[in-house]
Amino acid sequence: MSIVLQLLFNISISSLLFGLIAASFSLIYNVTKISHLAHGGVVLAAGYIMFWLMNLGVPLWLTVILTLLISTFLGFSLNALVYERLRKRQKISIVSSLIASIALLVLIQAVILALFKSRTKIIPLDIKSSLPLEIGGAFLTTWHLVIIGSSIIFLLALAFLLKKTKLGVAMRAVSDNEEVAEIIGINSKKIRSSAFVIGSFLAGVAGILAAVELNLDPNMGVIHAVTAFGRAVVGGIGSIPGALLGSFIIETGEHLGAWFWTSAYKQVISFILVFVFLIWRPQGILGKKQT
């Protein structure tokens, strides 16, 4: 019983953490129609910024604030300097934005590799190993509780923003039809920038949580990008609840596969699930079918 309960805990923790990354990716895609794979680079950059600041002796609370500010500014800058300029020169297409996003992801990883080298970095926090909660023989560390609490809070805040605020209404309007939104007085450029600001802030939150939980490696930017894209595809790309649902489905498949088979093939299971949905239900579970 304790093994099953521990497995459920592990699935829930991973689902919420990667669901936060996928939800922020989906927000950006939903508003801008850009497959922002460099989002994975922003997540990775947040982790390394935290590591760098902590090594400088900056207090943890200030480290967290500065990390979130810098990662938010990074995402905002990528949009302003690259994607918006592509829109000015030509009507940005799926292919051109995808190529630009991949190039940005590679660039971010290269800069991180040059600055921090290839050795895995560990962020030492005492709360990572403390065990404050035991339920039926299954354990949750303090950091796991932080991941669960933070992910739920920010996902609920995102849902509230989209459903109950003027900015959220404007984002949904731009997502549905940008030209009509412009006609009724919504500045679509500002709304796209807002989507990148919010999405990158959430990427910073996820980056901090993932850095402590999974440690840091320069190649993890690609993993975070594929993770976000895959879970968004399964749940329905552009759907915030779908991103969380897709994350839960893939994490369940990966953990069950690791339990009954081997953990070496977790990524294989993830890709198989994504391919299945791309072939038989390309719009995902909660996504809208394209007509």
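Whatever comes next refers back to the structure up there.
The structure displayed is predicted, hence computed values, not measured ones. (Residues numbered from 1 in each chain as written. Predicted model: local features only at pLDDT ≥ 70, side-chain atom pairs only at ≥ 80, totals over all residues. Heavy atoms only, no water.)

**Here we look at the overall build of the chain**
Keep this limit in mind: Numbering of helices and strands starts at the N terminus; helices are DSSP runs of H or I of at least 4 residues and strands are runs of E of at least 2. What the globule rule says is 2.2 Å times the number of residues to the power 0.38, and the radius of gyration is computed from C-alpha atoms. Each accessible area value is a Shrake-Rupley result obtained with a 1.4 Å probe; residue values ignore everything except the protein chains displayed when judging cover. Lys and Arg are tallied as positive, Asp and Glu as negative. Neither His nor the chain termini are counted. A single reference atom marks each charge: NZ on Lys, CZ on Arg, CG on Asp, CD on Glu.
Counting secondary structure elements, the chain contains 11 helices and 2 strands. Listing each helix as α and each strand as β along the chain from the N terminus yields α-α-α-α-β-β-α-α-α-α-α-α-α. Computed over the C-alpha atoms, the radius of gyration of the chain is 19 Å, within 12% of the 19 Å expected from 2.2 N^0.38 for a compact globule of 291 residues. By principal-axis analysis of the C-alpha atoms, the chain measures approximately 60 × 45 × 35 Å. Of the roughly 14,500 Å² of accessible surface on the chain, 70% is carried by carbon and sulfur atoms. Counting 22 positive and 11 negative side-chain charges, the chain places the averaged centre of each group 8 Å from the other.

**Some thoughts on the side chain of Ser-175**
As a reminder, the rule being used: Three labels apply to residues, based on accessible area from a 1.4 Å probe with only protein chains included: buried if under 20% of the type maximum, exposed if over 50%, partly exposed otherwise in between. Between two residues, a contact is recorded if the distance between any of their heavy atoms is within 4.5 Å.
Examined against the element boundaries, Ser-175 turns out to sit in helix α6 (residues 166-176). Residue Ser-175 is classed as buried on the basis of its relative accessible area of 13%. Those residues in contact with Ser-175 that lie beyond four places of it in its chain are Asn-30, Val-31 and Lys-33.

**A look at unusual backbone geometry**
Even without glycine at this site, Lys-33 takes up a positive phi of about 60 degrees. Counting through the fold element by element, Lys-33 comes out in the loop between α1 (2-32) and α2 (39-55). The phi torsion at Lys-117 lies on the positive side, around 65 degrees, for a residue other than glycine. Topologically, Lys-117 is positioned in the loop between α4 (94-116) and β1 (133-135). Classification of Lys-117 by relative accessible area gives exposed; the value is 54%.

**Overview of the nonpolar core**
We apply this condition: Residues enter a nonpolar core if they are buried and are Ala, Val, Leu, Ile, Met, Phe, Trp, Tyr or Cys, with the set joined through side-chain atoms within 4.5 Å.
Among the nonpolar cores identified, the biggest contains 69 residues, and Leu-27, Tyr-83, Ile-123, Leu-158 and Met-171 are the most heavily contacted of them. It is α1 that contributes the most residues to this core, 14 residues altogether. Leave out the neighbours within four places in its chain, and Leu-27 touches Leu-158, Leu-162, Met-171, Ala-195, Ile-198, Gly-199 and Ile-240. The next biggest cluster of nonpolar side chains, apart from the first, holds 5 residues, and it includes Val-233, Val-234, Ile-250 and Val-274.

**What to know about empty space enclosed by the protein**
Convention followed: Of the two site types, the cavity is a set of points on a 1 Å grid over the protein atoms alone where a 1.4 Å probe fits but cannot get out, and the pocket is an open set with protein on both sides within 12 Å along at least five of seven lines, each lined by residues with an atom within 4 Å of a point. Grid points are joined across faces, edges and corners, and a volume is the space filled by probe spheres set on the points.
A complete count under the given rule lists 1 cavity of 30 Å³ or more for this structure. What the largest cavity holds in volume is close to 40 Å³. Val-43, Leu-44, Gly-47, Gly-207, Ala-210, Ala-211, Asn-215, Leu-216, Met-220 and His-224 are the residues that line the largest cavity. Contributing elements (two or more residues each) for the lining of the largest cavity: α2, α8 (188-214) and α9 (220-235).

**Describing the layout of surface pockets**
Applied cut-off: For this scheme, ten residues count as nonpolar: Ala, Val, Leu, Ile, Met, Phe, Trp, Tyr, Cys and Pro. Four count as charged, namely Asp, Glu, Lys and Arg, and the remainder, Gly too, count as polar.
Roughly 1,300 Å³ of internal volume is contained in the largest pocket. Every residue lining the largest pocket is counted, 36 residues in all, and those nearest its centre are Asn-30, Ile-237, Gly-238, Ser-239 and Ile-240. The element contributing the most residues to the lining of the largest pocket is helix α5 (residues 142-164), with 6 residues. Looking at the lining of the largest pocket residue by residue, the classes come out as 22 nonpolar, 8 polar and 6 charged.

**Re the packing of aromatic side chains**
Under the convention used in this document: For Phe, Tyr and Trp, where Trp contributes only its six-membered ring, two rings pair if their centres lie within 6.5 Å, and the inter-plane angle classes them as stacked under 30 degrees, edge-to-face over 60, or tilted in between. Throughout this description, the term charge over a ring refers to an Arg CZ or Lys NZ atom that lies within 6 Å of the ring centre and within 35 degrees of the ring normal.
Inspection of every chain in the model, using the stated rule, returns 5 aromatic pairs. Summarising the aromatic geometry, the rings of Phe-25 and Phe-229 are spaced 6.4 Å apart at their centres and angled 85 degrees between planes, so their arrangement reads as edge-to-face. Here the residue Phe-25 occupies a position in helix α1, and Phe-229 occupies one in helix α9, the gap between them amounting to 204 residues. Among the residues examined, Phe-25 registers a relative accessible area of 1% and is labelled buried. One aromatic cluster is present, formed by Tyr-48, Phe-51 and Phe-116 through successive ring pairs. When the ring centre of Phe-18 is taken as origin, the NZ or CZ atom of Arg-231, which lies over that ring, is 5.2 Å away.

**Some thoughts on the packing of helix α3 (residues 60-89) against α4**
Filter applied, for reference: Every axis corresponds to a line fitted to the C-alpha atoms, with the helix fit spanning only the stretch in contact, and the corresponding angles, defined between N-to-C directions, vary from 0 to 180 degrees. What sets the label is the angle itself: under 35 degrees gives roughly parallel, over 145 gives roughly antiparallel, 65 to 115 gives roughly perpendicular, and the rest give oblique. Each crossing gets its hand from how the near helix is turned against the far one by less than a right angle, where anticlockwise is left-handed and clockwise is right-handed.
Taken N-terminus to C-terminus, the directions of α3 and α4 make an angle of 155 degrees; their axes are 10 Å apart at the nearest point. For the element pair α3 / α4, the angle class is roughly antiparallel. Here α3 runs over α4; the crossing is right-handed. Taking contact as the criterion, the partners of Leu-78, Val-82, Tyr-83 and Leu-86 in α3 are, on α4, Ser-96, Ser-97, Ala-100, Ser-101, Leu-104 and Ile-108. Here the contact of α3 with α4 is composed, by residue class, of 7 nonpolar, 3 polar and no charged.

**Topic: the environment of Tyr-83**
Our working definition: We call two N or O atoms a polar contact when they sit within 3.5 Å, provided that within protein one can donate a hydrogen and the other can accept it, with sequence-adjacent residues counted only if both atoms are side-chain atoms.
Of note, Tyr-83 is situated in helix α3. Separated by 99 residues in the primary sequence, Tyr-83 and Glu-182 have C-alpha atoms spaced 19 Å apart. Ignoring anything within four residues of it in the chain, the contact list for Tyr-83 reads Ile-34, His-36, Ala-38, Leu-78, Ile-92, Ser-97, Ala-100, Ser-101, Leu-104 and Phe-196. Separated by 2.9 Å, the side chains of Tyr-83 and His-36 make a polar contact.

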